[in-house]
Every structure is written in C-alpha cells, then in structure tokens.
Amino acid sequence: MTNSATVDTAAQQAGLTNQAPVPITVARGDGIGPEIMQATLDILSAAGARLSIQEIEIGEQLYKKGVMSGIEDSSWDSILQTRVFLKAPITTPQGGGVKSLNVTTRKTLGLYANVRPCVSYHPFVDTKHPTMNVVIVRENEEDLYAGIEHRQTDEVYQCLKLISRPGSEKIIRYAFEYAVANNRKKVTCFTKDNIMKFTDGLFHKVFDEVAAEYPQIENEHWIVDIGAAKLADSPETFDVVVMPNLYGDILSDVAAQIAGSVGLAGSANIGEKAAMFEAIHGSAPRRAGQNLANPSGLLLGAVQMLVHIGQQDVAQLVHNAWLRTLEDGVHTYDIFKEKVSKQKVGTQEFSEAVVARIGQVPETLQAVRYQAPADADPTKPPKPIYTPVKPANKELKGVDVFVHCAGIQPNDLGAKLEALQADNLRLQVVSNRGQKVYPQGFAETFCTDHWRCRFLAPEDGNITHQDVIDLLKRIAASGLDFIKTEHLCTFDGEKGWTAAQGT
Ligand code: NAD
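Going along each chain's sequence as written, the residues are numbered from 1 onward. Owing to the predicted nature of the model, reporting of local features is limited to residues with pLDDT of at least 70; listing and counting of side-chain atom pairs is limited to 80 or more, with chain, interface and lining totals taken over all residues. Side-chain numbers here rest on the full set of heavy atoms in the structure, without hydrogens or water.

**Considering the site of the ligand**
Line of reasoning, step 1. As a matter of local geometry, the ligand sits amid 19 residues, with I90, G282, A284, N294 and Y333 nearest to it.
Line of reasoning, step 2. With respect to the ligand, the side chain of N102 contributes an N or O atom lying 3.1 Å from a nitrogen atom.
Line of reasoning, step 3. Only the protein chains shown count as cover for residues, and the accessible areas themselves come from Shrake-Rupley with a 1.4 Å probe. Against a free-state accessible area of 820 Å², the protein chains account for coverage of 68% of the ligand.
Line of reasoning, step 4. In the shell around the ligand, the residues fall into seven nonpolar, seven polar and five charged. Any residue with at least one heavy atom within 4 Å of a molecule or strand is counted as near it. Identification of polar contacts relies on pairs of N or O atoms within 3.5 Å, with a donor-acceptor requirement for protein atoms, meaning one able to donate a hydrogen and the other able to accept it, and with residues adjacent in sequence counted only if both atoms are side-chain atoms. Residues are grouped as follows: Ala, Val, Leu, Ile, Met, Phe, Trp, Tyr, Cys and Pro are nonpolar; Asp, Glu, Lys and Arg are charged; all remaining types, including Gly, are polar.

**Thoughts on empty space enclosed by the protein**
Line of reasoning, step 1. Both cavities and pockets are sets of points on a 1 Å grid over the protein atoms alone; in a cavity a 1.4 Å probe fits but cannot get out, in a pocket the set is open with protein on both sides within 12 Å along at least five of seven lines, and lining residues sit with an atom within 4 Å of a point. Grid points are joined across faces, edges and corners, and a volume is the space filled by probe spheres set on the points. For the structure on display, the rule yields one cavity of 30 Å³ or more.
Line of reasoning, step 2. Quantified by volume, the largest cavity comes out at close to 30 Å³.
Line of reasoning, step 3. V103, R106, K107, R138, N140, Y145 and N245 together form the lining of the largest cavity.
Line of reasoning, step 4. Per-element tally for the lining of the largest cavity: the top contributor is helix 5 (residues 101-108), with three residues.
Line of reasoning, step 5. For the lining of the largest cavity, the per-class residue count stands at two nonpolar, two polar and three charged. The helix count covers DSSP runs of H or I at least four residues long, the strand count covers runs of E at least two residues long, and both are numbered beginning at the N terminus.

**So, the sheet that holds strand 15 (residues 394-404)**
Line of reasoning, step 1. Across the sheet, which stays open at both edges, the six strands sit in the order 17-16-18-15-19-20 with antiparallel pairing between neighbours. Whereas interior strands pair on both sides, the edge strands pair on one side only; in this sheet they are strand 17 (435-438) and strand 20 (494-495).
Line of reasoning, step 2. Helix-sheet contacts for helix 13 (residues 410-418) involve strand 16 (426-432), strand 17 and strand 18 (450-456), and the interaxial angle to strand 17 is about 75°.
Line of reasoning, step 3. Between two residues, a contact is recorded if the distance between any of their heavy atoms is within 4.5 Å. Orientation is described by axes fitted as lines to C-alpha atoms, over the contacting stretch for helices, and by angles from 0 to 180 degrees between their N-to-C directions. Of the strands in this sheet, strand 15, strand 18 and strand 19 (481-491) are in contact with helix 14 (residues 465-477), which crosses strand 15 at around 15°. The pairing criterion for strands is at least two bridges between them, as found by DSSP.

**Some words on the domain arrangement of the protein chain**
Line of reasoning, step 1. For the domains described, the bounds stem from an automatic or database domain assignment. Each assigned domain of the protein chain is listed with its residue range as follows: domain 1 (1-127 + 260-389), domain 2 (141-236) and domain 3 (394-495).
Line of reasoning, step 2. Placing the centre of domain 1 and that of domain 2 at their C-alpha centroids yields a distance of 26 Å.
Line of reasoning, step 3. By salt bridge we mean one thing: a side-chain nitrogen of Lys or Arg within 4 Å of a carboxyl oxygen of Asp or Glu. Run the count over domain 1 and domain 2 and you get zero salt bridges.
Line of reasoning, step 4. Counting across the interface, domain 1 meets domain 2 through three residue pairs in polar contact (both at pLDDT 80 or more).
Line of reasoning, step 5. At the level of secondary structure, the elements contributing two or more residues to the side of domain 1 that touches domain 2 comprise helix 5 and strand 4 (113-119).
Line of reasoning, step 6. Taken together, the residues that form the side of domain 1 that touches domain 2 break down as ten nonpolar, two polar and two charged.

**Thoughts on the side chain of E220**
Line of reasoning, step 1. Structurally, E220 is set in strand 9 (residues 218-223).
Line of reasoning, step 2. Within the local environment of E220, its side chain forms a polar contact with the side chain of K186, the two groups lying 3.2 Å apart.
Line of reasoning, step 3. At 3.2 Å, the side chain of E220 and the side chain of W222 are in polar contact.

Set out below in structure tokens:
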C-alpha cells in the first residue's frame with residue numbers, strides 16, 4: 001500500500017508480500033467514513049494486502065462546491081484506470097438537484113450485480129436467526145431505478161419499470177456462477193410476476209431458462225410478498241437469492257438487519273469492466289469524529305474486494321481475524337451487549353484488536369476459506385454471459401393513446417373516441433389506472449384524469465405508423481389532450497401487451 005504501515009509477520013509467513021501491488025481507488029467519504037476507512041486500511045495493510053492506493057474526494061465537500069454528482073470528472077480517471085473502487089459512505093444533502101453518487105457510479109461503470117452476504121454471528125451478535133447465511137444478489141442497473149419519471153396529468157405521475165432480457169440473464173447467471181464458485185446449494189428468485197406478467201414475468205422466465213443449465217444447484221421461485229415474509233421469518237431456508245433492483249434494494253437491508261445489524265454488512269457492486277466495494281450503511285454524521293463507529297461493514301466490503309482482485313489469502317487472514325475479534329467479545333458500541341461482550345472499544349481499538357489477531361481463526365464461529373478458481377485471472381472480472389436476442393418479426397396491430405381529461409364520464413369519453421376511430425383502427429377499451437371502464441364499466445370504479453384508450457386493427461390486421469399519426473391528428477382536433485402513446489405489436493405472432501383488468 002502506498003501509505004504502507006507495518007506488515008504483520010503472519011502476512012510475511014504466508015508469503016503474501018511478494019505479489020505485485022494492485023492499483024485501487026479509495027474514497028474516505030463523509031461522517032464516520034474517514035474513521036472506518038482508516039481502520040479498514042490499517043487492517044488490510046497489516047494483513048499484507050498488496051495494494052497501490054489512489055485517493056479521490058467524493059461527497060459533501062463537492063456537493064457544497066456545486067458539483068451536483070458528488071464526484072469530479074477527474075476522479076473518474078482514477079476509477080477508470082484502477083477499475084477497483086473502495087468507497088466509504090457519503091452524506092447526501094437533502095433537496096433537489098443532487099444526484100445519488102451510488103446510482104451514478106453503478107450505472108456509469110455498468111456495475112450490474114450487487115452482492116450482499118448477510119450472515120449471523122450468533123451467539124456473539126444478537127439475532128433471532130442464529131444459523132442465517134444468505135447472499136442477496138440484486139440487479140443493479142434497471143427496473144424502476146432507470147429513473148424515467150413523468151408527471152402526465154394534474155393527478156397522475158408515472159415511473160417506468162424497465163426489465164431487459166440481457167439485464168435479467170446477466171444477473172441471474174451471475175447468481176448461479178456465484179453459487180457454483182462459493183459452494184452454495186440453492187438459488188431462489190423473487191418476483192411479482194402474478195401481477196407484472198411482462199416485466200417480472202421475463203425475469204422469472206429467464207431464471208427458469210438459466211437454472212436449467214445448472215442442474216447441480218437447486219432452484220426455486222417465490223412471489224416476492226410471501227418470499228419476503230419467509231425470508232424475514234426463516235432466513236435459514238435460503239441460500240443465494242436473486243432479485244430485480246427494487247425488491248433487492250429493500251430485502252437486502254431487511255436481510256442484513258435481521259442477521260444482526262446493517263452495520264456489519266459489506267457489499268460488492270460488480271461489473272464487466274469495474275467493481276465498487278462498500279459498507280451498506282450510511283455516513284452516520286451524528287457518530288462522526290468520536291472514534292465510535294463500527295468499521296466492520298466497510299472491512300467486509302474490502303474482504304470482497306480482496307477476493308475480487310485475486311488476493312484470496314489476504315481476504316481469508318482478514319476475515320478470520322475479524323471473526324475471532326467478534327468472538328473474543330471485543331465490540332463497538334452498536335453491537336455491545338453486557339452478557340456477551342467483554343470489551344467496549346472505539347473504531348481505532350477495534351481495528352487494533354483485529355490486527356492483533358491476524359493469523360488466528362475463530363473457535364466457535366465457522367472460519368472462512370477463500371480459494372482462487374483454478375483458471376482465474378485476478379486482473380479480469382468475470383465476463384457476464386448473455387445470449388444476444390434475435391430480432392423477432394414485429395407487426396403493428398394497434399395503439400394505446402393516453403389522454404388527460406378531467407370531469408368526464410367513461411361512457412361520454414368512449415362515445416367521443418368512437419367518433420374518432422377509423423375502419424382499420426377501432427376503439428376496443430378505455431381503462432383508468434389499468435381498470436376497464438368502457439365499454440360496460442362499473443359506476444363504482446374510481447376514475448382519475450388519466451385514461452388509456454386502446455385502438456386495435458380488426459381481425460388481427462396490421463396498421464402503419466401513418467394510421468397512428470392520423471388517429472392522433474383527429475384526437476387533437478377534437479380538443480382531447482393526448483399525453484403519450486404505446487404501440488401494440490406482436491413479436492413472432494405473440495402479443496406484446498397485456499389486457500386491461502376487467503377485459
Ligand atoms: P446511516 O446508516 O448513516 O445511520 C443510521 C444509524 O445507524 C446511525 O445513526 C448509527 O446509529 C447507526 N450506524 C450506521 N453505521 C454505523 C456504524 N458503522 N457503526 C455504528 N453505528 C452505525 O443512515 P442515515 O442516518 O439514514 O443516513 C446518513 C447519511 O448517509 C445520509 O446523508 C444518507 O443519504 C447517507 N447514506 C449514504 C450511503 C452511502 O454512501 N452508501 C448509504 C446510505 C445512506
């Protein structure tokens with residue numbers, strides 16, 4: 001390490017000091033960030049991690065200078081050069097204009113896989129789930145996090161949920177490859193495909209396809225609501241769990257918290273060209289500068305980084321020394337418990353306690369073993385594999401026209417639209433927030449000012465873009481305010497749209 005401290009004899013004995021240093025980018029962040037990063041770097045250095053560190057500034061200081069992304073353009077150069085980013089938490093200012101640095105980093109670098117091991121350390125850390133050992137693999141780039149949102153009418157706002165076949169295949173394959181590489185037995189998938197038949201339905205379908213290629217790994221699918229309840233109630237029945245972005249974001253925090261504390265979990269964000277490692281908690285500003293914070297989350301993120309860069313032996317030394325420290329009852333305030341803990345320590349003393357145990361393994365908790373895959377090239381992250389999608393025969397069959405119209409009865413709107421239809425483009429249904437209201441709607445259905453008006457060619461005929469444009473011209477001329485359209489296409493004869501509820 002460039003700021004190299006002493007190299008522990010255990011590291012020397014393990015022969016770890018002869019490997020070439022791997023360049024990494026480090027950001028110390030805000031709040032408790034600088035303290036937990038220093039503790040982490042001290043431990044890595046003592047364990048003989050061969051790192052060449054480039055430091056960059058991120059977070060609050062930059063936001064205050066008006067850099068709304070929280071990172072300067074020049075800092076990307078370091079990350080793009082090292083392709084390995086160890087990041088402490090930052091404080092995100094409240095208010096508009098500020099972009100989430102995490103979301104920006106994940107998307108800019110294509111970090112498609114978020115990997116969070118959630119492990120119980122019973123009886124040394126309080127938990128209701130003493131045997132829990134779950135890894136959440138969360139899709140990191142798409143779903144509702146595409147950030148494409150619009151206000152469409154006075155009453156209705158929209159957020160687009162985008163799920164792609166390559167995106168689904170990359171993350172699901174990553175989960176199975178992770179299971180194989182880490183001797184895991186089962187991969188579970190959570191979706192809500194009983195409701196979101198196309199988006200979550202695709203994720204589930206790709207899961208079934210990929211799972212069939214890994215017969216040695218058990219697989220199962222749960223609807224996310226009951227799956228989440230089961231995860232919170234009996235997490236020991238899960239092993240690796242793969243999910244689309246939003247469910248993964250929420251449930252990885254739940255899993256970390258029920259394992260003992262969000263303060264103990266690290267996370268890896270893996271991409272084809274780069275990777276970022278961090279704690280899952282934030283910058284805890286009220287604890288900053290008091291030598292109080294627990295550096296464990298960031299340290300375990302750093303352990304994932306060591307495995308990623310091919311320093312499995314150092315990762316093993318650090319992880320086992322940390323487990324032994326927990327087991328010896330040397331605890332920071334957040335996990336300190338009178339009957340279990342022996343010594344309440346600050347951030348620095350905790351890191352010194354871990355350093356003192358380098359070379360030791362836990363006696364009660366299970367020691368970890370990290371082995372490099374035989375054919376691993378530590379300088380290259382795994383290539384995500386997905387099958388290119390063959391273009392289908394796409395035929396345009398109709399159009400959904402969304403209309404902003406307040407204070408109108410569904411039957412009156414239906415009659416108005418029927419007057420605007422053409423022979424080859426007939427009004428089929430009008431729905432409000434997805435519920436059919438015309439023809440033959442229910443008077444009881446609550447309606448907003450946002451209507452979806454579905455026009456289809458009769459007898460499975462095709463239409464052209466010009467037919468859509470002509471329809472929109474007639475709608476505009478009638479005084480109705482159309483706000484967007486969605487084309488209704490078949491792909492190799494398969495309908496590319498779902499029915500309205502009630503049709
Ligand atoms: P937080 O995770 O920072 O802290 C919540 C509470 O958890 C703290 O008050 C503290 O009691 C405890 N805690 C968290 N980490 C701890 C540790 N290592 N040791 C001991 N106790 C710990 O969440 P928050 O208060 O909601 O957010 C604070 C700031 O962090 C916000 O600006 C938020 O936007 C930001 N944040 C950043 C990241 C990131 O950079 N990855 C992630 C989440 C939140």
